[in-house]
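Topology and contacts: notes
Spelled out, the chains give:
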Amino acid sequence: MAKSVYITAVIATIAILLIVFFSVNVSESSRVSEFNEEIKQISLESNLYSAYEDFDANNSEVFCLVMRQNITNLSDRSTSLEKKLLAYSDNSFNTKEFYLSKRSFLISNMILYRNFQKAKEFCDFNIIPVLFFYSEDSSCEVECGLIGTQLNSLSKTCSSFKAFNFPYNWDAYEFTKILEVNYNVKKSGTLVIGDEVIDHPLKFEELKTKLGC
């Protein structure tokens, strides 16, 4: 009798765990699907404006107005999505799905960064694009943590810059090498502000000044 009760309890426990597991999986799949759809939309819209950057020199004023509005909108959406992805990575059971979503996000973020550069070049866009190369492992935990905290703090009260965060020298996201080579980045914990490459943390006030805050 006691053995039968024990077996029943074990089976019930396993059943509950399976229900929880499948519920979590369904929830995660739904969340990943939402991430991927938003990433797709951001990428499509970024590419749209890249394709039409030279559509008509006589209408450059109209194009630049729309470009500025679009970049500001996509920038806000990208920042929000990045925060959601970070929260997801901290609670994710499915590492493969997370990396695929993050890979897509980083690609769309590179396109958005390029649009920022074009807008500054052709449309007198006055928001400074900032690259921050962090480490995916703990090799830059202190320095990268400090720089990330500084950028996050400044972004809450300062709208003169937009930070684009990319993992440094990480095989899963090999395409970010394009940016590393372009700016001669040699280590994680590096900032690129305009054309200036800074490979060490700055004092808060110095960073604030460089970002025009």
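What this report covers is the structure whose coordinates are included nearby. (Residues numbered from 1 in each chain as written. Predicted model: local features only at pLDDT ≥ 70, side-chain atom pairs only at ≥ 80, totals over all residues. Heavy atoms only, no water.)

Moving on to the overall build of the chain. Helices and strands together make up the secondary structure of the chain, namely six helices and four strands. Starting at the N terminus and ending at the C terminus, the chain contains elements arranged as α-α-α-β-α-β-α-β-β-α. Within the chain, the fraction of its 213 residues that count as buried is 37%. Considering only residue pairs separated by 6 or more positions, the chain has 73% of its internal contacts joining residues 24 or more positions apart. If you sum the accessible surface of the chain, you get close to 12,600 Å²; carbon and sulfur atoms cover 57% of it. (Helix = DSSP H or I, 4+ residues; strand = E, 2+ residues; numbered from the N terminus. Buried < 20%, exposed > 50% of the residue type's maximum accessible area, 1.4 Å probe, protein only. Contact = heavy atoms within 4.5 Å. Areas by Shrake-Rupley, 256 points an atom, 1.4 Å probe, with all protein chains shown as cover.)

With the rule as written, the count across this model stands at five salt bridges. Among the salt bridges present, the one from E143 reaches K187, with a minimum N-O distance of 3.5 Å. Of the two residues, E143 sits in helix α4 (residues 141-155) while K187 sits in the loop between α5 (177-182) and β3 (190-193), which places them 44 residues apart along the sequence. Since its relative accessible area comes to 31%, K187 is described here as partly exposed. In this structure, K177 engages E180 in a salt bridge whose closest nitrogen and oxygen atoms are separated by 3.5 Å. With a gap of three residues between them, K177 and E180 both fall in helix α5, about one helical turn apart. (Salt bridge = Lys/Arg side-chain N within 4 Å of Asp/Glu carboxyl O.)

This part is about the environment of A119. Examined against the element boundaries, A119 turns out to sit in helix α3 (residues 95-123). Spatially, the C-alpha atoms of A119 and R68 are 7.3 Å apart, while their sequence positions differ by 51 residues. Among all residues touching A119, those that are not within four sequence positions of it are M67, I71, D124 and F125.

The biggest cluster of nonpolar side chains holds 28 residues, and the ones touching the most others in it are F116, L131, F133, F164, F166, L179 and Y183. Secondary-structure elements contributing two or more residues to this core are α2 (60-91), α3, β1 (128-134) and β2 (161-167). Grouped together as the second largest cluster of nonpolar side chains are 18 residues, V130, C140, L154 and I198 included. (Core = buried A, V, L, I, M, F, W, Y, C linked by side-chain atoms within 4.5 Å.)

Take the side chain of K102 next. Mapped onto the secondary structure, K102 falls in helix α3. Judged by relative accessible area, which is 12%, K102 ranks as buried. Contact partners of K102, with chain neighbours within four places excluded, come to Y134, E136 and Y173.

Okay, the sheet that holds strand β4 (residues 196-198) next. Here we have four strands laid out as an open sheet, ordered β2-β1-β3-β4, and mixed in their pairing. A single partner strand is all that each edge strand has here, and the edge strands are β2 and β4. For this sheet the average axis-to-axis angle between neighbouring strands, irrespective of direction, equals 20°. Relative to β2, β1 is paired through seven bridges, and the arrangement is parallel. (Pairing = 2+ DSSP bridges. Axes fitted to C-alpha atoms, helices over the stretch in contact; angles between N-to-C directions.)

Time to look at α4. Across its 15 residues, α4 extends 21 Å between first and last C-alpha, which sits within 8% of the 21 Å expected from 1.5 Å per residue. Taken as a whole, α4 has its buried residues at C144, I147, Q150, L151 and L154. Projected down its long axis, α4 shows its buried positions confined to an angular sector of 125°, all on one face. Along α4, the residues that are exposed and aim more than 90 degrees away from the buried face are E141, V142 and T149. In this structure, the buried side of α4 is in contact with β1, β2, β3 and α6 (204-210). (Expected span 1.5 Å × (residues − 1). Arc of directions from axis to C-beta.)

Below, the discussion takes up the packing of aromatic side chains. Applying the stated criterion across every chain, the model contains three aromatic pairs. Pairing F116 with F164 gives two aromatic rings, centres 5.2 Å apart and planes at 80°, and the pair type is edge-to-face. With F116 in helix α3 and F164 in strand β2, this pair connects stretches of sequence that are 48 residues apart. Like F116, the residue F164 is buried in the burial classification. Judged by centre distance (6.2 Å) and plane angle (50°), the rings of F132 and Y134 are tilted. For F132, a relative accessible area of 5% puts it in the buried group. Its guanidinium or amino end placed over the ring of F164, K162 lies 5.3 Å from that ring's centre, counting from NZ or CZ. (Phe/Tyr/Trp six-rings, centres within 6.5 Å; stacked < 30°, edge-to-face > 60°. Lys NZ or Arg CZ within 6 Å of the ring centre and 35° of its normal.)

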